[in-house]
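Remarks on the overall topology
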Amino acid sequence: MVVELGVFSVTSAIMLVATGVFALWYLTSSQKPRSYLLLPAITGIAGVLYAVMALSSAGTIGQNVIVEARYLDWVLTTPMIVAYIGLTAGADKRLIGKAMAADAVMIAAGYVATTVPGTVRWAGFAVSMLAFVYLLYLLVTKVTTVANDRIPAVQSTFRTIRDLTIVLWCVYPVLWLMGPTGFELVRVADYHFVIASLDLTAKVGFDAIVAARAARVSTMLDDQTFSGALN
Ligand code: RET
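In this text the structure is predicted, and so the values were computed from the model without any measurement.

Our next topic: the side chain of S57. For S57, the position within the fold is in helix α2 (residues 38-58). S57 sits in the buried class, given a relative accessible area of 5%. Polar contacts involving the side chain of S57 include one to the main-chain carbonyl oxygen of A54, which spans 3.1 Å. Setting aside residues no more than four positions away along its own chain, S57 makes contact with M1, E4, L5, F8 and I66.

See the structure below:
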């Protein structure tokens, strides 16, 4: 209980501080595509819902809503991460929508697998896995094909955030199987700690890479404009 309260509180604090940093970054950046707003939104939603998890584990909220808060965070923010990757690639609305829908199905079925016992549990897991594999398929085939038409700097950002996402996200179903939801090989407190670390990397790490790369690309473009003006 105490360990979980600590893990949730610290994670919430880091997410909220990161939200402030990314909001400031947005306000001060020279170019302001609307997609940049996804970055503080992703960490902001998680910051609030991790605070709910902390309050729930402290008993301040009468009921245990840890699982609900976590899946609500995931169902809102993981499609936003997918949308950001799609927008970076330059994919059209239809393709981005498909990938976001697959993602939402993955999380919704995962929630069923986590909360409903018996056969439904494994049916939920199977549906979630299928949606996950379809999402990965879209990312490495169709979305990547579109990204190949972009300038090299954008292509490399795309590949970095795509690969970070694929590698990190593959750990979640493995943990689900090992944790209290599956074969109980990992203790509950450790499970929450590992998930919080993954969530932090998948959100704050992801946002930081995007922001750092965006700054570099715009400096490069500014330099080009500058040298263009000289010629
Ligand atoms: C579940 C269980 C069932 C099978 C699969 C899962 C996948 C979950 C994923 C979650 C990603 C969360 C992220 C959060 C960021 O803060 C639901 C665990 C496939 C991929 C990136």
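The next subject is the environment of A212. By the element assignment, A212 lies in helix α7 (residues 188-230). Classification of A212 by relative accessible area gives partly exposed; the value is 45%. A sequence separation of 152 residues divides A212 from T60, and the C-alpha atoms of the two residues are 38 Å apart.

One pass over the structure, following the stated rule, counts 11 aromatic pairs. Between W122 and F125, the ring centres sit 5.8 Å apart and the planes meet at 70°, which makes this aromatic pair edge-to-face. A residue pair is termed a helical-turn pair when its members lie 3 or 4 positions apart in one helix, as W122 and F125 do in helix α5 (residues 119-147) at three residues. The exposure class assigned to W122 is partly exposed, which follows from its relative accessible area of 37%. Summarising the aromatic geometry, the rings of Y134 and Y137 are spaced 6.2 Å apart at their centres and angled 25° between planes, so their arrangement reads as stacked. Placement of both Y134 and Y137 in helix α5 is noted, with a separation of three residues, approximately one turn of the helix. The exposure class assigned to Y134 is partly exposed, which follows from its relative accessible area of 34%. A network of ring pairs unites the aromatic residues Y71, W74, Y111 and Y172 as a single cluster. In this structure, K32 is placed above the aromatic ring of Y26, and the distance from its NZ or CZ to the ring centre is 5.9 Å.

Let us look at the packing of helix α3 (residues 66-89) against α5. Where α3 meets α5, the closest approach of the two axes is 9 Å, and the angle between their N-to-C directions is 25°. With respect to their mutual orientation, α3 and α5 come out roughly parallel. Where α3 abuts α5, its residues V82, I85, G86 and A89 lie against L135, L139, V143, V146 and A147. For the contact of α3 with α5, a count of residues per class yields eight nonpolar, one polar and no charged.

Moving on, we get to the side chain of T11. With respect to the secondary-structure elements, T11 resides in helix α1 (residues 2-28). Its relative accessible area of 4% is what places T11 among the buried residues. A distance of 2.6 Å separates a polar side-chain atom of T11 from the backbone oxygen of V7. Apart from the residues lying within four places of it in its own chain, the contact partners of T11 are Y50, A196 and L200.

The rules we used
Residues numbered from 1 in each chain as written. Predicted model: local features only at pLDDT ≥ 70, side-chain atom pairs only at ≥ 80, totals over all residues. Heavy atoms only, no water. Helix = DSSP H or I, 4+ residues; strand = E, 2+ residues; numbered from the N terminus. Buried < 20%, exposed > 50% of the residue type's maximum accessible area, 1.4 Å probe, protein only. Polar contact = N/O pair within 3.5 Å; in protein donor to acceptor, adjacent residues only side chain to side chain. Contact = heavy atoms within 4.5 Å. Phe/Tyr/Trp six-rings, centres within 6.5 Å; stacked < 30°, edge-to-face > 60°. Lys NZ or Arg CZ within 6 Å of the ring centre and 35° of its normal. Axes fitted to C-alpha atoms, helices over the stretch in contact; angles between N-to-C directions. Parallel < 35°, antiparallel > 145°, perpendicular 65-115°, else oblique. Nonpolar A, V, L, I, M, F, W, Y, C, P; charged D, E, K, R; others polar.

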